[in-house]
Every structure is written in structure tokens, then in C-alpha cells.
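Geometric and topological summary
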Amino acid sequence: MKIRSLSSLTVMVVCLNIAPSSLLAQSGALTGAGSTFINPLMSKWSKEYHTLHPNVEINYQSIGSGGGRQQFLAKTVAFGASDAPLTDEQLAQAGGEANVVHIPVTQGAVVIAYNLQGVSKQLRFSPESIAGMYLGTIKLWNDPKIAADNPGVSLPVKPVLVVHRSDGSGTTDVFTDYLSKVDAEWKSKVGRGTSVQWPVGIGGQGNEGVANQVRNTEGGVGYIELAYARQNKIAYGSVKNRGGNYVEPDPKNVTNAAASMKELPADLRFSITDEQGPQAYPIAGSTWVLLYKNQSDVAQGKLVTAFVEWAITDGQKYANELDYAVLSKNLAQKAQAALRTVMCGGKSCLSK
Amino acid sequence: MTTAASPAPPARTQQREGRSGRGDRIYHVLIQSMVCLVLAIFVGIFVVVVTGAWPAMKRFGLGFVIHSGWDPVHLVFGAFPFVVGTIIVAFGAMILAGGIGLMTAVCVTELLPHWLQEPVTYLIELLAFIPSVVYGLFGLLVLAPMLQRTVEVWLLTHLGPRFAIFNGAPYGVGYLSAILILALMLLPLIVSLSREALILVPKDIKDGGLALGAGRWDVVWGISFPYARNGIVGAFVLSLGRALGETIAVAMTIGGGYRLPTTVMDQGYTLASVIANEFNEVSSDTYLSALIYCGLILFVITVVVNILAYFIVRRLSGIHGFKA
Amino acid sequence: MASKLKTLVAGLFEDRRKWRGIVGFSMTAVATLISLGALFSILGYLIIHGIGALDLNFFIKEPAAVGDPGGGIAPSLLGTAILVTISTIIGAPLGVGVGIYLSEIAGDTLFARVTRVAINTFIGVPSIVIGIFVYFILVKPTNTFSAVAGGLALGIIMIPIMARTTEDVLRLVPDSIREAGLALGAPKWRVTFDLVLPAARAGVITGGVLAVARVAGETAPLILTALGNEYYPSSLFKPIDEITLRILKYARGPYDVWHQQAYGAALILVFGVAIGSLLLRLATRDYNAPDR
């Protein structure tokens, strides 16, 4: 919508707020907030959807999964996006399991990104190295543990400058979930969560902030979603998985991880870290869109469910080029089924 | 409105009140209701902040202010590092900006030729028009990486082994960046206020000093400074107040740390910046309340500093009889 | 021998004073160079890194998808104008009103003293606290971040600033003007609005412009009230974008495109405010009290 003059703006502003928005078939502006993990993809989705439906504006603000869940619970946004499903307490706050749906919309890899100017070969990381760096027990890049992962690579005698998230982060949840599974010391000392007490390191705001920090810091290491590393040409390493292989954080290896998941819980709150498969990337995560089962604003409910349905079907074609993994058929079907349970005034929002 | 002159004031007052008393009453009511509305807003702000902080106040008590530890998972919150951070950053910036700014003001008033003084002052005052976020931009993308590659590495390698205070990991962002950037922000304030104070020093007193054989620098140090002391102290205090409330530039450059600083390169948080960075994404009501409690503490610190400032300036005026 | 010693000592003393002067004043010169250097390096960086971003797209297009080129920051420019307008509509009348009260009406009552203390206190309250206030009274109850909430927060920030500058400027108007009006039989409200305020007009406007400039650079309260928007503003009751919010977002991200646009936006903001203040100085110069 282009604004031509202040007066037409005033008219539009007044009219758009007193005219019932259900008059126009697919028209309106919605706000979603949350995960920075999915921001590159979500931002692409909202632009492409806007091209297909010029009257619909999906304003997505990437403030972090913590922010997405918080604003979802406060009901200040139409939908939240989070890489960590709601905790049991938060579910209770939202009115219980019967009140909320988690719709998985994409999956991606959390990579170990680093900034070492002199090292051209891609580094490999074992769980011990990663945990060591983030626990503060590994202080220098030429530490024996990292050297053991990378035989033949000359590592500089530089301090390891750890970067983590300062905000409430789903990416952190995925990362700490992984670390808790592979390292007993991490599990007891720090644990898993969207915000934890980091033993060392500095905080960046969002995936964007961590990526920026690693880029600006010689010797820095940070955990970010693959798209951020690739788009900004930040080096990242392969990670040793349960099977003993150093696996590349590629979308197809994320799909491998998702495929290895044994069973899918009914409420679709699952984790795909540290999976079994030989080529499964161990630090893999998913992003969920959070919606209330009963949409009090019927027009908004219809818009939001239509958008999410598009995202998990047609929208998936944008995933790979942005380095996210396409949802498996099974998962996509389950997601669509869950989406159909969202009610707008007694009927499913998706019903015509 | 009557234009006829009238002899007896009381009668005329009555006449005036009688004829247009209504206008004045409306005027008074209008203005006073505006004031009431504004006061209500201020009371409202205080009430909302206290109400929001109350759960955390009940849970952590006054110990919140002196305990450390910020654990959103286990719900243990202590704001001491933030209080310390606020004080270090604000005072550090004030001292740095105060020193450089005061010296700059002396140069502008004493050294520069008259035609140069106004433009140079104007240029430095331009610094005041740069918004906080632009300082943050400069700090985050230019200053911090520069510090990281040069100063901090130098400190770590040359002084680090011997002095623990320099033995920190060189991240670039942290107290150093935040203090430098905040000092830049305070500079125009100090320069313009100090300059105004120094200009007010009467020329004859200074000439008297010169006549007695003092050098020009001695005149500045021994005559101008004491005479302008109120204005200069006022400048410092005003900039301290500004520094305490500064949020965004600090949030972008201070790195985000929850522990008490042990080295010069450490990261930290101030009360204002921790709220800005974490408010929208708290994971529990206790967390939210803890952040608002931080806001309340900041509010109290600001008020206390303002009160102290008022008394300091008044006392200084009283002792010397000089006007601020 | 003794006289030689005396001349030596006298010479040393005089030299010490000279050296004190040289050292002292060179320190001040260095300080000035640092101050000016800081200004020029910041402006220099803004210009060098930001000028490349200032193409037509920048000014009229909405942001592109993350990392894609070709987008602009148009919504934030319009959003800033809208937020500043709302905040001025809310803050200016209230601020000037309180200023009038403190200067023209207030006696030595408790009410007057409380008002003065309140204004002096809240002028220094960090803006983030005001953001928290508006989040709880407007954003949460209406279930949406909005331009109105952002404007309200900024307007509240404006009030104590405008109250103080208005009061200061009104006090400078000599009492003789008021007495002349009263002597002619004018009611107090006429004296205030037709005589005192016009005499102080330049100062009040200056105060207003300064408050607006200050508020245009405020980011923290907007994080909690306006949130940000990737699209042109279509409603006052939905999230809205603003220049400083956009700069914050882009500066913190890793994308070079974002960094360049952040510098460009900063450039617009700084030069806009600087030029505005210069024009203001020139325009109000004639009305000023005698120059020092």
C-alpha cells in the first residue's frame, strides 16, 4: 500500500480502523514475532505471500523465540514463532494443551561458526570440543581436544572468544539440548533452556547479533543457524554425531536427522538433536508457529491460518535455497492436520 | 477589555474580575487540570513500576540489590552486577568526558581567537544532535572491532601476564567500549556548559591575576576554575544524570555480562541496558518482575543523584556567594 | 654568588610558570583535537559508509527479504514522522501548560512545589521506564503494539522537557510587560496568551524543537511500544517502524547490506537534525536577548 499524501494517509488510517476487515476477502495486516532462527525464511515467505496476496501484510519481527513466546502469551501478536516449544508452565499459562497448537513449519541446522583468519580448511568439532569451549575449559584454539578433531591443521595460539545468545532463544534451547545430551558436565552445570547461565562468553542479540559478533571478533566462535553463516560467508565446522561421523550441517543432513526421529508426539513438541542416523546432523532444530486453538478475531484467524498453510505447502519451495530443510511428508501432513483444528467462530479457520 | 485609566487599583481589580473573571477561571481550571493530568501520569508511572516490581521485591527483598547471579532457568536473580555496571559506566564516562570536555572548553575560551570560538563550539555541540543509536552503531561496528584488534590485544599481551586486571579475553565490546562511547555523548554537554561558566568570569579579575605576575595557565587554574566552579560542577552533575539514563548506546556496546567485572576488557550490563535487551523476551513472570525491579532501582538512583546534585550546587553557591 | 643564585632561582621560577602554561595549554589543545576528531570521524564514517545506501529505493521502498538487496527504509521514515507528530500533539500542549503554570500561576503552595519537584525528577527518568509504563497501560490491554503507544511514550518524555524550557523562557519575560497588560485592565489569561507568550515565542519554539529532536532519537521506549514493521504504516493501532528502531536492528545484524542502510539512515537522521537546529538558530537569532 503506497501512501500518496498526508491527507490520504489520515483517511486510510481512520477508515481502516472502522471498516470491518472481513469485508475484503484476503486483506489485512498481521503481526508475528519470535524466532530469529527462521527469520531469513519467514521474511522471504512474508514477501512472497505479499506478492501473491497484495492486500495481506505479514509483519514478522524477529525478536527471539523467547520474545515470540512471551508476546504470544501476552496476546499482543497474531502468532508467535519459536524454535523451542512452550514449556509445561507456559502451556498452563496459555490455558492448557487444549488451547494451543504447535505447527512445525521448518527445520534447520545450528552450526558452530568461527572466525579464524589464518585457517582455510574447514574445522571439525567433536562434542567434547564444543562443550569444552562453552564451559570455558578450552581456552585456546590450539587446545589438544580441538587439535585431535583436526589432525594436520595448524591451529593458532589465540584465545577462544565464545559468543552466545543474550536474549531468550530457541536456538539456545536446541544447542543446550544437544550439549546436555552429549556432555554430562554441561548437563549438571548448565542444563537446557532458552536462557541459561553461561559459564563464559559474551551475548549477542538474536542469531543476527551472534553472527555479527563472530564476524567482528578474531578468534570468535558462536552457534547460529546455517543461513546466517552461509549468507554472510562465516566459516562453520562439521560436527561429530552419535555414529562417529563428522557431518556437514547441510539441509539434507537435517532431513536425515528428522527422519531418524522414532515417534512423533501428538502435540508435535519434539526434539531432533543428537539423532541416531549415520548422516544425521546432531545440532538440528525445528521452528514452530504458535497459535491459539480458538481465534477470537475471526478475520485475523483466517488470515493467519491461510498464511501458515501456504508456508507448509507451497512455501516449502523456498526452504532449500535459503539453507533450511523441507518438512518431511509425514510431518507436513501432521502439521496441516493440526492447523485444521484451529477454530474461527466455531468452524475450522481453514474451511472455506 | 477596558482601556480607560482608573484611579483606585482595588476598584479596578474588582471591575476587572467582575467582567472577565470567567475567562480567568476557565484559564486557571484548564491549566491546573493539565498539571493534574501530568502529575497523574507521573504517579501512574511510579505505581506501574512498583506494582510490576512487587513480586520480585517480595521474593528477593532488598538483597536483590547486593546479590549477584542472573539465572532465568532456576529463577535466581540478583542485580548487583548491574548496579555496579551502572556506576562504573556512568562515572567512568563522566570523568573521561569531564576531563577532556573541560580542557576543550578552556582551549576554546582562552586560546582560540574570537572568530573561531563560535564555529568550533557549534561543531562540538553538533555531537549532541547525534542520537544514541547512531553512537551505538559507531561503537558496535567501528570502535569495538578496532579496540579488539589493537588496544585490548596489546593490553592482554604486554600487561596481562603481570596485572590481572588486564588479563581478559579481547572481545571488543564491553566496559571499555561503553565508557568511551558514553563519554563521547557527554562531551558536548560538558564543553558547552563549561564554556558558558568560564565566559562569565569577569575579565578584570583575570587581568588582576596577570598583573600580579601569574601566568595565563595559572589564571585559568587559580582564578577561572574557582570562579566558574558552580557551573562546572553543574555540568558534571548534569552529564552524570544523562549517563545514568543512557540506554541504547550502552546496550549495543557493553556486550551483555552478568558477572562483576574483574578485568578492563570484561562485559557487563547497566540497569537500563539489561531492561532494553531482555524485556521483550522474558520467559517467566518472575523474570519480568526482576527486570522491572531493576527499573525501579534505576529510578531511585536517578532521583537520589538529582537530589544530591541540587544540594551540592546550592551549597557551593552558598559558600562562595557566586551564582551558578 | 648569592645574586647569581637568585637570578637562577628566579629564572627557574619563571620558566616553571612558562612550562606550566605550555604543558597546560597543549593539553587543552589536544583535548580540543580529540573532541573535534571524534565528531569528524563519526560523521566521516557515516558519510563514507552510508552515502552508498542513499538511492531512490532507499527512500520509497519497503525492506526486502532478509539479505536481499533492493529494499529501502521508507516505512521507518514515514513512521518517524507519524510518531513525532503524535508525541508533539500529546506532549507539547501539556508541557507548555505546565510551564505556564509554573511561571505564571503557581504561588508558594504545596501543589506548586510538588509539581516542580515532579518535573525535575521526571526530566531525568530513563526513557525505558516510560516504555515499561506504556507497555502495561496500553500495549497489553489492547493486545497490540501500536503507533499510538509509541507516540504516547515519546509524548510523555517530551512533557518535562517542554515544561522546563517553557518555564525558563517565560520567566525571562520582564514583569513590566505583565504589569502593563494588567494596568490596561486585561485579565490574567489575556496577559499570558497575548503578551507574555508571544514575547517568549522564540524560546518556546526552540524548546519545542529541542524536545522533538531529543524524542526523534529515542529508541528504548519504542522497543516496548511500537515494535517495528516491515510495511508502510496502515493503521495507528498496529506496530509501526521508526528510523532509530531500524538502525538498531540493522546495526546488530551481520548483513553488509543492513550495515550500509543503517549508516545511510543515521546520515539522514543526523543531518536532518543538524540542519533543523541550524535553521532554528538563524531564525531565532533576531529575537534573542542581547548577545554576551
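Below: a short report on this structure. Fair warning: this is a prediction, and the values are worked out from it, not measured in the lab.

Once that is clear, we can look at the environment of Met34(B). Here Met34(B) shows up in helix 1 (residues 9–60). Taking the relative accessible area as the measure of exposure, Met34(B) reaches 19% and is therefore buried. Separated by 254 residues in the primary sequence, Met34(B) and Leu288(B) have C-alpha atoms spaced 33 Å apart. Look past the residues within four positions of Met34(B) in its chain and what remains in contact with it is Pro93(C), Leu94(C) and Gly97(C).

All names here are of chain A. Ordered by their spatial adjacency, 3 strands build an open sheet running 5-10-11, and the pairing between neighbours is mixed. Looking at which strands have only one partner, the edges of the open sheet turn out to be strand 5 (124–125) and strand 11 (246–247). In this sheet, strand 10 (residues 238–240) lies alongside strand 5 in parallel orientation, the contact comprising 2 bridges. When the bridges of strand 10 are listed, Phe125 appears paired with Val239.

Mapping Thr286(B) onto the fold places it in helix 12 (residues 285–320). Those residues in contact with Thr286(B), other than ones at most four positions away along the chain, are Arg59(B), Phe60(B), Leu75(B) and Phe77(B).

What follows concerns the interface of chain A and chain B. Contacts between chain A and chain B engage 31 residues on the former and 27 residues on the latter. Summed over the three residues of chain A that lose the most area to chain B, namely Gln197(A), Ile202(A) and Asn216(A), the buried surface amounts to 22% of that side. In this structure, the connection of chain A to chain B is made through 0 salt bridges. At the boundary of chain A and chain B, one finds 6 residue pairs in polar contact (both at pLDDT 80 or more). Elements represented by at least two residues in the side of chain A that touches chain B include exactly helix 3 (65–73), helix 4 (88–93), strand 6 (161–165), strand 7 (202–204) and helix 9 (206–216) of chain A. In terms of residue count, the dominant contributor to the side of chain A that touches chain B is helix 3 of chain A (4 residues). Counted by class, the side of chain A that touches chain B contains 10 nonpolar, 18 polar and 3 charged residues.

What the rule picks out here adds up to 28 salt bridges over all chains. For Asp256(C), the salt bridge identified is with Arg215(A), shortest N-O distance 3.2 Å. Here Asp256(C), found in helix 12 (residues 256–284), pairs with Arg215(A), found in helix 9, and the two come from separate chains. Between Glu104(C) and Arg178(C) there is a salt bridge whose closest N-O contact spans 2.8 Å. Taken as a pair, Glu104(C) in helix 3 (residues 74–105) and Arg178(C) in helix 7 (residues 175–183) lie far apart in primary sequence, 74 residues in all. Each member of the pair Glu104(C) and Arg178(C) is classed as buried. Taken together, the shared-partner salt bridges connect Asp173(A), Asp177(A), Lys181(A) and Arg192(A) into one network.

A few words on the state of the cysteines. Covalent bonding between the sulfur atoms of two cysteines defines a disulfide. Residues and elements named next belong to chain A. A full pass over the atoms with the stated rule returns 1 disulfide over all chains. In this model Cys344 forms its disulfide with Cys349; the gap between the sulfur atoms is 1.9 Å. Classification of the bridge connecting Cys344 and Cys349 rests on its S-S torsion, roughly 95°, and on that basis the disulfide is right-handed. Comparing Cys344 with Cys349 shows no difference in burial state: the two are buried.

Okay, the interface of chain C and chain B next. Taken residue by residue, the interface counts 84 residues in chain C and 80 residues in chain B. Around 7,400 Å² of area is buried between chain C and chain B when both sides are counted, 80% of it from carbon and sulfur atoms. Contact with chain B buries surface across chain C, with Phe25(C), Ile42(C) and Phe122(C) losing the most and accounting together for 9% of the total. In this structure, the salt-bridge partner of Asp218(B) is Arg20(C), at a minimum N-O distance of 2.8 Å. Of the residues forming the side of chain C that touches chain B, the biggest block, 20 residues, is contributed by helix 1 (residues 2–50) of chain C. When the residues that make up the side of chain C that touches chain B are grouped by side-chain class, the tally is 59 nonpolar, 18 polar and 7 charged.

Applying the stated criterion to the full structure yields 45 aromatic pairs over all chains. Residues Phe175(A) and Tyr223(A) carry aromatic rings whose centres are separated by 4.3 Å and whose planes lie at 15° to one another, so their mutual orientation is stacked. Placement of Phe175(A) in helix 7 (residues 170–182) and of Tyr223(A) in strand 8 (residues 220–225) is noted, with a sequence separation of 48 residues between them. Exposure remark for Phe175(A): the relative accessible area of 0% places this residue in the buried category. Measuring from ring centre to ring centre gives 6.3 Å for Trp310(A) and Tyr318(A), while their planes differ by 40°; the resulting arrangement is tilted. Grouping residues by exposure puts Trp310(A) and Tyr318(A) together as buried. Here a set of aromatic residues connected by ring pairs shows up, and it is made of Phe60(B), Phe64(B), Trp70(B), Phe77(B), Phe82(B), Tyr258(B), Tyr269(B), Tyr287(B) and Tyr293(B). It is Lys75(A) that lies over the ring of Tyr292(A); its NZ or CZ is 4.8 Å from the centre.

Parameters and conventions
Residues numbered from 1 in each chain as written. Chains lettered and ligands numbered in written order. Predicted model: local features only at pLDDT ≥ 70, side-chain atom pairs only at ≥ 80, totals over all residues. Heavy atoms only, no water. Helix = DSSP H or I, 4+ residues; strand = E, 2+ residues; numbered from the N terminus. Buried < 20%, exposed > 50% of the residue type's maximum accessible area, 1.4 Å probe, protein only. Contact = heavy atoms within 4.5 Å. Pairing = 2+ DSSP bridges. Buried area = accessible area lost by both parts, 1.4 Å probe. Salt bridge = Lys/Arg side-chain N within 4 Å of Asp/Glu carboxyl O. Polar contact = N/O pair within 3.5 Å; in protein donor to acceptor, adjacent residues only side chain to side chain. Nonpolar A, V, L, I, M, F, W, Y, C, P; charged D, E, K, R; others polar. Disulfide = S-S within 2.5 Å. Phe/Tyr/Trp six-rings, centres within 6.5 Å; stacked < 30°, edge-to-face > 60°. Lys NZ or Arg CZ within 6 Å of the ring centre and 35° of its normal.

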